[in-house]
Amino acid sequence: MENWSLVSICVLFGLTARWAVSLNSYSGAGKPPMFGDYEAQRHWQEVTYNLPVHEWYFNTTDNNLNYWGLDYPPLTAYHSLLCAHVAKLINPDWVELHASRGHESYGHKLFMRATVLVADLLIYIPAVVLYSFYLSEGSNKKKVCTVLCILLYPGLILIDYGHFQYNSISLGLALWGVVVLGLGWDVLGSLAFVLSLNYKQMELYHSLPFFCYLLGKCFKQGLAGRGLFLLVKIAVTVLVTFALCWLPFLSDPGQILQVVHRLFPVGRGLFEDKVANTWCSLNVLIKIKTILSTDTQLYISLTTTLLAILPSSIKLLMKPTLWQFKLALVNSSLAFFLFSFQVHEKSILLPALPVCLLLNDLPLPAIWFLQASTFSMLPLFLKDGLLVPYVVTSLAFLFFSIYLLSALEHCSEDKLRLGPYRQLYRIGWALFYFSITAMAGLSFMSVALAPPAQLPDLFPLLVSVFSYLHFLGLLLYFNIVQIAEPPQSVRKNQKKSN
Amino acid sequence: MCYLYVEVHSVISIPPRLIHRGQASVYDTGWYIVLCCGVVLLTMTVFSGYFSHSTDFEVHRNWLAITHSLPVSKWYHENTSEWTLDYPPLFAWFEYSLSHVAQHFDKEMLVVQNLLYTSPATILFQRLSVIVTDIVFIYAVKECCRSVREEKGSKDLLGHPFFILAALLLWNFGLLIVDHIHFQYNGFLFGILLLSVARHLQGRHLEGALLFTVLLNLKHIYLYIAPAYGIFLLRSYCFTEDNTDGSVRWSSFSPVRLVALGSIVISVGALSFGPFIAMGQLPQVLSRLFPFKRGLCHAYWAPNVWALYNMVDKALSVLGVRLKLLDVAKLPKASMTGGLVQEFQHSILPSVSPSITLICTLLSIMPAVLSIWCRPRGARGFLRCLVVCALGSFMFGWHVHEKAILMAILPFSILAVESREDAGIFLMLTTTGHYSLFPLLFTAAELPIKVLLMLLFTLYSFTSLKKLFRGSLLNPLETTYLLGLVAVEILCEVVYPLSPWQHTMPFVPLLVTSVYCSLGVCYSFIRLYVSLLRQHGTDKHKQL
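Residues numbered from 1 in each chain as written. Chains lettered and ligands numbered in written order. Predicted model: local features only at pLDDT ≥ 70, side-chain atom pairs only at ≥ 80, totals over all residues. Heavy atoms only, no water.

- Naming follows an unreviewed UniProt entry, where chain B appears as Alpha-1,3-glucosyltransferase of Oncorhynchus mykiss.
- According to the UniProt record, the Pathway (unreviewed entry) comment for chain B reads "Protein modification; protein glycosylation."
- Per its UniProt entry, chain B bears the Subcellular location (unreviewed entry) comment "Endoplasmic reticulum membrane". (UniProt positions renumbered as here; feature names shortened; annotations may be inferred.)

- If you look chain A up in an unreviewed UniProt entry, it shows as Alpha-1,3-glucosyltransferase from Oncorhynchus mykiss.
- Check the Pathway (unreviewed entry) section of the UniProt entry for chain A; it says "Protein modification; protein glycosylation."
- The record held by UniProt for chain A lists under Subcellular location (unreviewed entry) the comment "Endoplasmic reticulum membrane".

Put into structure tokens, the structure is as follows:
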């Protein structure tokens, strides 16, 4: 069959799965007074529609910041405004100031779900298709399989269409950045990334690799001649894009400071809830949160994060290729997730995006990581009543990706790109099955068993520590792959065999 | 996980005789598992968030309750719910066995008085029961794929008739929405039908006959295709030889075979209806099975001849009133809000009675049945005749449901991957037939699901069949007609609800859908007939 029809079938399949998940419950459904992320997004529509721009980020009588105050960058606010205009056309009650708080109805849910679908269809899905067709290796059939597997990644589907968020926009824009950079249009790539950064500040996790890649490219062209010109072009693009996004707030420094303050709430502590990162896991042994002051926590997390991303960034700076770039994106965002300050469990989607891009090159580790990342959000899914979609989409993803990418045959020694660390791979095999079984077991226990009275958080904690071990191990692995890149000849052979 | 995978692998593997040179991909039946699991997982995702229920959901819950809590003698007398048991006894026993599993989910659903009972456990059980009984369908599809005739095998797995047939059957849009979203056990029933067809294709006629008899005792709508079975078995199984010109050699009649067939039919029938005959309830059971009280057309008109007939009648009456040939006061009152009422009274054209529809149906299938009597063309000729019977009864039957179109579409899939002409007819029939199922799902949340699934299936069937037969299968007129469906969909589901007529004449979209679709179904029926008769003609020609 022709490629276009296969791709359309994959996209339709992905869309069907997405809409099917979206028929489920969302976060905070029927839980007054605070509800959940769904209400937050609706509330932002209400605020941006009814209040003037300069009040959006300020606490006023009409804008109670303690009730889901806007804490995302301006592009999110503009997007909310756009949605609010559409909502107003359909039903003015949905965005009525004050009166619409906690509004829940069948029609409104449909509307909100539809906005996610539209955004996904316009931004994320085209980027996935373009990436698979232009930047991944292998036959056409393999590319189609890559599209399907990336589109079926359960974490993103469940968070966007179940829990309710617009990650497909920020991640999609970042992916557009990768695709466009991969095609060689550096200026457009930086533009796309700046837009994504202005949609969600968490995209900072990806910023260092973008920076190093572009800088490395400038170095390569010679900082005296064409490199400098490129650098200036990129710098101007970034500044202008930023300025345009922040235009309404530029008139007053107080505005800018307030927005920045809203975006980076330092006062909220090292971590909240149960997150599968270092601090939360360490907290089991040492109560860091109580021993150290907030400032010390901040410095410690900053130092460890920087140390963790240093090797991959330096390597990327020295060798700005697409392969290095993808790995650096994984390493940087994963390091941020594991070591930085105030991390949410949903932030695992940020490393998950570049890992999706590795599905074709390193199937087994990528599938393993993606499954672990979905699993790490299990407590959240249970809270939102998304158990069945979690089970079904995870099974579907594992099944399709393992079969289609033939991950199991594929992990011959040199394809794992371990270089000198080959003996690791035999252990990796056994571990994969062990860990999938353990995840299934832990999921089952979280659902079916009541935790002991003195340890009410036992299962969420087990889930997060168990996922943490995966993330840490895979961070090491991806770093090794990036640093010990196989010599050129091996990679060429591989291209042939593919 | 790995072991499970390997195990499933070895269970569903194609026997060595079907492995062809250089086609490593066909050995590996992993693709079949992927197709099955894909569809199962998809349906599970769909139902997980799906909490609105069709009437059929309550119908089957009620039957579970009746069979579980009442003695057999009351099954066909019970009428607490308006959805009385109106399937044959074997299906009642099927519900009875399901109810034993159901009691472990939620006992309350098994109480006859709990009308419209929908606890989460009930929903889970009901949905899971459909998915689990679909195993029969999955097995049957595999058997059908094994019997597909193959011409020049293409190297590409995706372009292989096996694969295409499996995908067309397993991912059939109509079956997905009717079973897993609307709610019925069609997968299970069609599984038995397809298995019986596959057995005939494989030459295992007694097994095929047994399966079909069981099927008839599960759901009597399959009586419509019984003529094809009856004549085929009599002609091609009971008569063992033909004359040289292909006509029947009377001397080759084998009474042993007839007795074998007869004893199968009678024993299954006795098992199913015997207890009720013994209790003297046969008339009661039959009155439940054949309720002729209902109207000519279902609440929503299935796209058949009668939809066109009603339409013409309505058009004539409107025209008559406009031209002052008719008196408005004399017209039957309900005629202008028809489509929502069960009884449709014709104002100009003569009304149609059940016996007329029966005669029309019989007349429409007669040539096909005669043709397999005079010139049997093996199991494939039988299959074609079966499709004609199913479609003929759909076109002319009394109180036909739109879902009945699946009875023609599913068996026809097998023919579609074998011949170019059939593939063209198949595309016309499935696309219009599937589109006509759209009104089954009418809520806004279901709209994207049905559109996406329909696009998925239609796109796949078009591109894969086009690739298989290397070239376009439809002429420009047919293509235009099918594209017209898109316009109808936009008009009916987007534009019309926004217009002021939505409140005064809410039935118009349904009417437009069924009339437009019935054109396509009629056209496919005629083409199918032409292909059948032409084959008959060429066969005769060859003989001469």
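1. Digging into the overall build of chain B
Argument step 1. Check the secondary structure of chain B and you find 22 helices and zero strands.
Argument step 2. Sorting the 544 residues of chain B into buried and exposed places 56% on the buried side.
Argument step 3. Taking all contacts inside chain B whose residues are at least 6 apart in sequence as the whole, residues at least 24 apart take part in 76%.
Argument step 4. Summed over all atoms, the accessible surface of chain B reaches about 22700 Å², with 69% contributed by carbon and sulfur. (Helix = DSSP H or I, 4+ residues; strand = E, 2+ residues; numbered from the N terminus. Buried < 20%, exposed > 50% of the residue type's maximum accessible area, 1.4 Å probe, protein only. Contact = heavy atoms within 4.5 Å. Areas by Shrake-Rupley, 256 points an atom, 1.4 Å probe, with all protein chains shown as cover.)

2. Some points on empty space enclosed by the protein
Residue and element names in this part refer to chain B.
Argument step 1. Under the counting rule described, the total for this entry stands at 12 cavities of 30 Å³ or more.
Argument step 2. Volume-wise, the largest cavity comes out at about 120 Å³.
Argument step 3. Considering the residues around the largest cavity, the lining is formed by Val-39, Val-40, Thr-43, Ile-131, Asp-134, Phe-137, Ile-138, Leu-170, Leu-175, Leu-176, Asp-179 and His-180.
Argument step 4. For the lining of the largest cavity, the secondary structure elements donating two or more residues are helix H3 (30-48), helix H6 (120-146) and helix H8 (173-183).
Argument step 5. In terms of residue class, the lining of the largest cavity is made up of eight nonpolar, two polar and two charged. (1 Å grid on protein atoms, 1.4 Å probe; cavity = no way out; pocket = protein on both sides within 12 Å on 5 of 7 lines; lining within 4 Å. Points joined across faces, edges and corners; volume = space filled by probe spheres on them. Nonpolar A, V, L, I, M, F, W, Y, C, P; charged D, E, K, R; others polar.)

3. A short note on unusual backbone geometry
Excluding glycine, residues mostly have negative phi values, and the peptide bonds linking residues are mostly trans.
Argument step 1. The omega angle of the peptide bond from A:Pro32 to A:Pro33 is 5 degrees, so this bond is cis rather than trans.
Argument step 2. Relative to the assigned elements, A:Pro33 resides in the loop between helix H1 (3-22) and helix H2 (37-50).
Argument step 3. Of note, B:Leu116 is a non-glycine position whose phi angle comes to about 55 degrees, a positive value.
Argument step 4. Considering the arrangement of structural elements, one finds B:Leu116 in the loop between helix H5 (89-102) and H6.

4. Structural notes on the pattern of salt bridges
All names here are of chain B.
Argument step 1. Tallied over the entire structure, the rule returns 18 salt bridges over all chains.
Argument step 2. Close ionic contact of Glu-143 with Arg-146 constitutes a salt bridge, the shortest N to O distance being 3.4 Å. With Glu-143 and Arg-146 both in helix H6, this residue pair falls three residues apart, about one helical turn. One exposure class covers both Glu-143 and Arg-146, and it is buried.
Argument step 3. For Arg-527, the salt bridge goes to Glu-478, with nearest N and O atoms at 2.7 Å. Of this pair, Arg-527 sits in helix H22 (residues 508-543) while Glu-478 sits in helix H20 (residues 476-498); the two residues are 49 residues apart in sequence, bridging distant segments of the chain.
Argument step 4. Residue classification places Glu-478 among the buried positions, given a relative accessible area of 3%. (Salt bridge = Lys/Arg side-chain N within 4 Å of Asp/Glu carboxyl O.)

5. With respect to the packing of aromatic side chains
Residues and elements named next belong to chain B.
Argument step 1. Tallying each qualifying case throughout the model produces 54 aromatic pairs over all chains.
Argument step 2. Between Phe-396 and Phe-525 the ring centres are 6.4 Å apart and the planes differ by 65 degrees, which places this aromatic pair in the edge-to-face class. Within this pair, whereas Phe-396 is found in helix H16 (residues 378-396), its partner Phe-525 is found in helix H22, the two being separated by 129 residues in sequence. Like Phe-525, Phe-396 is buried. (Phe/Tyr/Trp six-rings, centres within 6.5 Å; stacked < 30°, edge-to-face > 60°.)

6. Focus on the nonpolar core
Argument step 1. Counting residues in each nonpolar core, the largest one holds 315 residues, and the members touching the most others are B:Ile225 and B:Leu465.
Argument step 2. Residues A:Trp279, A:Cys280, A:Ile288 and A:Phe341 belong to the second largest nonpolar core, which totals six residues. (Core = buried A, V, L, I, M, F, W, Y, C linked by side-chain atoms within 4.5 Å.)

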